[in-house]
Amino acid sequence: MATTRGSAKKRRADGPGDTNPDGVPVLERRDTEKLVGYYRQMVIIRLFEEASQRAFRQGKVGGYLHVYIGQEAVATGFLDAHRPGDKVITAYRDHAHALLLGSTPREVMAELFGKATGLVKGKGGSMHLFDVKNDMMGGYGIVGGHIPLGVGMAYALRYQGTDNIVQLYLGDGAINNGAFHEAANLAGLWGRDGMNPCLFIVENNQYGMGTSVERATAMTDLARKFDSYGIEHEKVDGMDLEAVMECAHRVAARVRETGKPYAVEAITYRIAPHGAADFLERYRTKEEVRKWRERDPIGLLERKLIDYGVEEERLEAIRAEAKEVVDDAVRFADESPEPPLEELYTDVYAEESVDASREASAARR
Ligand SMILES: Cc1ncc(C[n+]2csc(CCOP(=O)(O)OP(=O)(O)O)c2C)c(N)n1
Ligand SMILES: [Mg+2]
């Protein structure tokens, strides 16, 4: 089905004027059609994640793989406030972020399968998705490792005189890492002078692998950790897409305007196991998972859409079409070729700098 092959379609903020002339956020006017579009995207992400986890368990995916099931409303809502040129950086649970920014399900699935047609030619895999043209500055596998990079990007965006911002996603576990504290300190410091438009989005999914937030830190109010660095913050219900969208537009506009960092702790839940190879979940009860499932972000949105007058048949049709998009992506990844051996030696260093340094050393000779 040619028409369904495309990515979860590109999404952008409403453009100049995230607030109306009275200063009221645009999102106070409900746009049911937009929400239906996001329902489609969230269903694509859910089915994509289920398919990728299955493929991993069938041995089709190398490296490791972590799915975003349960957390869909967080990236969907925050990226609604994305504007071209803003940068997005996250950890290894990164498929949804890439899809939402415009990478196609085909190229992302092929990347997981390590194929030549993958987003980064099959060289990155699940944890290292990168799509510069769509502002996706990476998935990173080292917990906390991307946080200093994101803060540095935010500085660079201001240094270059743009009004772009960085959306920096991190987990509850990453916040206990030293790299977070060093980077947050600099973000606060540079932000004091309007030089750090970094929006920290803490995806508190309650666990870092098998360790709950309560077992990982004595101060479990993660948003408040940002107080130490002079960074203002709030919390949002990360299961409720509309709440996330409202928060995202309001705080992104503020970061864009002031050049100061801001932090949001999105309260969410990892419904799936930590990684695709994890089956035993001794660290939590079935009852706990069941309770959170009652607030599954897709189910919540579905109920709201029905309340807003959208017909169940329309949602049914969207689910069927989403399944075709994902089936097509899996077929494409399956049938794509492996990267040729010569690819081992390409993209190791940036070509331009290699040429420039060759020219410079030739000139010196
Ligand atoms: C520096 C480092 N230490 C440990 C690990 C092993 N590890 C992988 S994921 C993870 C948990 C991170 O939890 P969180 O930041 O909450 O992210 P989530 O998996 O919940 O999305 C750990 C400890 C790692 N990848 N890097
Ligand atoms: Mg976590």
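Not measured: the values here are computed from a predicted model.

A. Focus on the nonpolar core. Counting residues in each nonpolar core, the largest one holds 97 residues, and the members touching the most others are Leu 168, Leu 170, Leu 199, Ile 201 and Val 244. In terms of residue count, helix 1 (residues 32–57) provides more of this core than any other element does, 10 residues in total. If we ignore the near neighbours within four places in the chain, the residues touching Leu 199 are Ile 165, Val 166, Gln 167, Leu 168, Val 251, Ala 252, Val 255 and Tyr 262.

B. Region of the structure containing the packing of helix 2 (residues 72–79) against helix 8 (residues 241–258). The geometry of helix 2 relative to helix 8 is characterised by a closest axis approach of 8 Å and an angle of 35° between their N-to-C directions. Between helix 2 and helix 8 lies a crossing whose hand is right-handed. Touching Ala 73, Val 74, Thr 76, Gly 77 and Phe 78 of helix 2 are Leu 241, Val 244, Met 245 and Ala 248, all from helix 8. Across the contact of helix 2 with helix 8, the residue classes tally to seven nonpolar, two polar and no charged.

C. Region of interest: the environment of Ile 45. With respect to the element layout, Ile 45 can be found in helix 1. Taking C-alpha positions, Ile 45 is 8.1 Å from Ile 69, a pair spaced 24 residues apart along the chain. Setting aside residues no more than four positions away along its own chain, Ile 45 makes contact with Tyr 68, Glu 72, Ala 96 and Leu 99.

D. Looking closely at the site of ligand 1. Inspection of the region around ligand 1 gives 15 residues, with Val 143, Gly 171, Gly 173, Ala 174 and Gly 208 positioned closest. Looking at the shell around ligand 1, its residues break down into five nonpolar, seven polar and three charged.

E. Focus on the packing of helix 1 against helix 2. Look at helix 1 against helix 2: their axes get within 10 Å of each other, and the N-to-C directions meet at 135°. One finds that helix 1 runs oblique with respect to helix 2. Taken as a pair, helix 1 and helix 2 cross one another with a handedness that is right-handed. Across the interface between the two elements, Tyr 38, Gln 41, Met 42, Ile 45 and Arg 46 of helix 1 pack against Glu 72, Ala 73 and Thr 76 of helix 2. Residues belonging to the contact of helix 1 with helix 2 are distributed by class as follows: four nonpolar, two polar and two charged.

F. The sheet that holds strand 7 (residues 262–267), seen in detail. Reading across from one edge, 1-2-3-7-6 is the order of the five strands in this open sheet, with parallel pairing throughout. The open sheet has two edge strands with one neighbour each: strand 1 (87–89) and strand 6 (232–237). The sheet shows a mean angle of 20° between the axes of neighbouring strands, taken without regard to direction. Where strand 1 lies against strand 2 (residues 166–171), three bridges are found, and the strand directions are parallel. Across the sheet, Ile 89 pairs through a bridge with Leu 168, a residue of strand 2. The sheet strands contacting helix 5 (residues 146–159) are strand 1, strand 2 and strand 3 (198–204), and the helix crosses strand 2 at an angle near 170°.

G. How the structure looks around the pairing of strand 6. Note: strand 6 against strand 7, six bridges, orientation parallel. Opposite Glu 232, over in strand 7, you have Tyr 262 as the bridge partner. Considered for its hand, the β-α-β crossover made up of strand 6, helix 8 and strand 7 is right-handed.

H. Seen up close, unusual backbone geometry. The backbone phi angle of Asp 135 is positive, close to 70°, even though this residue is not glycine. You can see Asp 135 is positioned in the loop between helix 4 (105–112) and helix 5. Positive phi outside glycine occurs at Asp 347, with the angle close to 65°. Structurally, Asp 347 is set in the loop between helix 11 (312–335) and helix 12 (351–364). A residue is classified by how many C-beta atoms lie within 10 Å of it, and Asp 347, with 11 of them, is exposed.

Conventions used here
- Counting from 1, residues in each chain are numbered in the order their sequence is written.
- Each chain takes a letter, starting from A, and each ligand takes a number, starting from 1, following the order in which they are written.
- Only residues with pLDDT of 70 or above have their local features reported here, since the model is predicted, and side-chain atom pairs are shown and tallied only from 80 upward, although totals for entire chains, interfaces and linings are computed over all residues.
- To count as a nonpolar core, a set of buried Ala, Val, Leu, Ile, Met, Phe, Trp, Tyr and Cys residues must be joined through C-beta atoms within 7 Å.
- Exposure is read from a count of other C-beta atoms within 10 Å of each residue's own; the residue is exposed at 12 or fewer, buried at 20 or more and partly exposed in between. C-beta atoms are placed from the backbone.
- A run of H or I in DSSP counts as a helix once it spans at least four residues, and a run of E counts as a strand once it spans at least two, with each numbered from the N terminus.
- Note that contacts rest on C-beta atoms placed from the backbone: two residues are in contact if these are within 7 Å.
- Here an axis means a line fitted to C-alpha atoms, over the contact stretch when the element is a helix, while the angle between two N-to-C directions is reported on a 0 to 180 degree scale.
- Helix crossings are classified by the rotation of the near helix relative to the far one: an anticlockwise turn of less than a right angle makes the crossing left-handed, while a clockwise turn makes it right-handed.
- The nonpolar class holds Ala, Val, Leu, Ile, Met, Phe, Trp, Tyr, Cys and Pro. Asp, Glu, Lys and Arg form the charged class, and all remaining residues, Gly among them, are polar.
- Near residues are defined by distance alone, with the backbone-placed C-beta atom required to lie within 6 Å of the molecule or strand.
- Angle categories are assigned with fixed cut-offs, so that under 35 degrees is roughly parallel, over 145 is roughly antiparallel, 65 to 115 is roughly perpendicular, and the rest are oblique.
- Any two strands with at least two DSSP bridges between them are considered paired.
- Think of it like this: strands point away, you trace from the first strand over the helix to the second, and a clockwise trace means the crossover is right-handed.

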